[in-house]
Amino acid sequence: DGRFHTEEACQEYLFQLRWPEGFRCLRCGHKGYWTSARGLYLCCQCGHQHSVTAGTIFHGTRKPLTLWFKALWWFSTRKTGVNATALQELLGLGSYQTAWCWLQKLRTCTVFPDRSKLSGSIEADECFLGGEQSGQRGRGARGKCKVAIAVERNGRKLGRLRMQVIDRCSTQELTSFAKDNIAPGSQITTDGWFAYRGLQEEGYIHQAIIQSKAENMESVLPGVHLVTSLVKRVLLGTFHGRFDPQYLQRYLDEYVFRFNRRTCKA
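Now for a look at the structure at hand. Quick caveat: nothing in here was measured; it's all calculated off a predicted structure.

Another aspect to go through is the overall build of the protein. When helices and strands are tallied, the protein shows 7 helices and 8 strands. Once the C-alpha set of the protein is aligned to its principal axes, its extents read approximately 75 × 40 × 35 Å. Considering the protein as a whole, with its 266 residues, one finds that 41% of them fall into the buried category. In the protein, of all internal contacts separated by at least 6 residues, the share reaching a separation of at least 24 is 53%. Element-wise, carbon and sulfur atoms account for 50% of the exposed surface of the protein, whose accessible area totals about 15700 Å². Between the averaged position of the 37 positive side-chain charges in the protein and that of its 23 negative side-chain charges there is a distance of 4 Å.

The following block contains the structure:
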């Protein structure tokens, strides 16, 4: 975007976000200020220093804001995301570690603190992500990360999505996931896994579909199964199927962010 080609333009944009109604000192409330050579905003009354990058992912950076805004552009506009190697090349960064750290910071911005919970008709299930492992598959698989999934169903269309790394496919963890992400009174459809039996007691309308008794296996939780296949495709395509389990939640947050914005025109 041409409006962010200069450092001053980026500073002004952040200034408007921090003080949309004009500058006001955080310490004394005074409206007058002057700008230092270091780009700080000093209150004319008490001298308190303010920075437009304080409390943001840009705080303490030694890189130009113009470069950060380019990173934001690439991160937000690529439908399947961007990995650190690609971002390093796109921005001309000398360090892979810098690109990797920037992406981790950007991913922390994809979860809105006050986002509304899923509601209406919901499909819920778990998936298992990680490298190929021999041995038992499904909920008993070892060496794979367990992820709880919930997605809204609007007729044949999928609505919003939530994904969360869990330690076990237990009643406690799956019920906690539902309470954190799904509004009470919603109808939650799951498979016959016993750990979902506590949903009814938490104020949800629970419908369990026993896969072995279903006439058409493809019709059992098609929404979450589609999401699972899409997530695995993204991890394989963008990250070549390799990821550090401790950062998986951030990758999932990024995917959920993109999935929930897919109908946005901007």
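Structure's up, so let's keep going.
Okay, helix α5 (residues 171–181) next. Those residues of α5 that fall on the buried side of the exposure criterion are Glu 173, Leu 174, Thr 175, Phe 177, Ala 178 and Asn 181. The inward-facing, buried residues of α5 contact β4 (121–129), β5 (145–154), β6 (157–166) and β7 (187–191).

Structurally, Arg 107 can be placed in helix α4 (residues 96–107). When its relative accessible area of 1% is taken as the criterion, Arg 107 is described as buried. Considered as a pair, Arg 107 and Leu 252 are 145 residues apart in the sequence and their alpha carbons are 9.1 Å apart. Ignoring sequence-local partners within four residues, the contact set of Arg 107 consists of Phe 75, Val 82, Phe 239, Arg 250, Tyr 251, Asp 253 and Glu 254.

Relative orientation and spacing of two packed helices are given, respectively, by the angle between their axes and the distance between those axes. Contact geometry of α4 with helix α7 (residues 248–260) gives a least axis separation of 9 Å together with a crossing angle of 60 degrees. Between α4 and α7, the angle falls in the class oblique. Seen from above, α4 lies across α7 with left-handed handedness. Here Trp 100, Gln 104 and Arg 107 of α4 lie close against α7, whose contacting residues are Arg 250, Tyr 251, Asp 253 and Glu 254. For the contact of α4 with α7, the per-class residue count stands at 2 nonpolar, 1 polar and 4 charged.

Looking now at the environment of Trp 100. With respect to the helices, strands and loops of the structure, Trp 100 is situated in helix α4. When its relative accessible area of 21% is taken as the criterion, Trp 100 is described as partly exposed. Taking the C-alpha atoms as reference, Trp 100 lies 8.0 Å from Thr 85; in sequence the two are 15 residues apart. Setting aside residues up to four positions removed in sequence, Trp 100 forms contacts with Ala 84, Tyr 247 and Tyr 251.

What follows covers the layout of surface pockets. To find the voids left in a structure, one rolls a probe of water-molecule size over its atoms. In this structure, the largest pocket occupies an estimated 1500 Å³ of space. Taken together, 44 residues form the lining of the largest pocket, with Leu 72, Ser 76, Thr 77, Phe 257 and Arg 261 sitting closest to its centre. When its residues are assigned to classes, the lining of the largest pocket shows 25 nonpolar, 9 polar and 10 charged.

Okay, the pattern of salt bridges next. All told, the structure shown has 6 salt bridges when counted by the stated rule. A salt bridge links Glu 123 to Arg 153, with the shortest nitrogen-to-oxygen separation between them at 2.7 Å. Of this pair, Glu 123 sits in strand β4 while Arg 153 sits in strand β5, and the two are 30 residues apart along the sequence. In this pair, the class of Glu 123 matches that of Arg 153, namely buried. As a salt-bridge pair, Lys 179 and Glu 202 come within 3.7 Å of each other at their nearest N and O atoms. Remark: Glu 202 occurs in the loop between β7 and β8 (205–209) and Lys 179 occurs in helix α5; sequence separation between them is 23 residues. For Lys 179, a relative accessible area of 41% corresponds to the partly exposed category. Relative accessible area serves as the criterion here: at 33%, Glu 202 is assigned to the partly exposed category.

Let us now look at the pairing of β7. Sheet faces and side chains relate simply in a regular strand, where the side chains alternate between the two faces. Of all 5 residues in β7, 4 are buried, a share of seventy percent or more. Both β4 and β7 contribute to a ladder of 3 bridges, which runs parallel. Considered in β7, the bridge of Ile 122 is made with Ile 188. Of the pairings in the sheet, the one linking β7 to β8 comprises 5 bridges and is parallel in character.

Cut-offs used in this document
- Residues numbered from 1 in each chain as written.
- Predicted model: local features only at pLDDT ≥ 70, side-chain atom pairs only at ≥ 80, totals over all residues.
- Heavy atoms only, no water.
- Helix = DSSP H or I, 4+ residues; strand = E, 2+ residues; numbered from the N terminus.
- Buried < 20%, exposed > 50% of the residue type's maximum accessible area, 1.4 Å probe, protein only.
- Contact = heavy atoms within 4.5 Å.
- Areas by Shrake-Rupley, 256 points an atom, 1.4 Å probe, with all protein chains shown as cover.
- Lys, Arg positive; Asp, Glu negative; His and termini not counted.
- Charge placed at Lys NZ, Arg CZ, Asp CG, Glu CD.
- Axes fitted to C-alpha atoms, helices over the stretch in contact; angles between N-to-C directions.
- Parallel < 35°, antiparallel > 145°, perpendicular 65-115°, else oblique.
- Left-handed = near helix turned anticlockwise from the far one by under 90°.
- Nonpolar A, V, L, I, M, F, W, Y, C, P; charged D, E, K, R; others polar.
- 1 Å grid on protein atoms, 1.4 Å probe; cavity = no way out; pocket = protein on both sides within 12 Å on 5 of 7 lines; lining within 4 Å.
- Points joined across faces, edges and corners; volume = space filled by probe spheres on them.
- Salt bridge = Lys/Arg side-chain N within 4 Å of Asp/Glu carboxyl O.
- Pairing = 2+ DSSP bridges.

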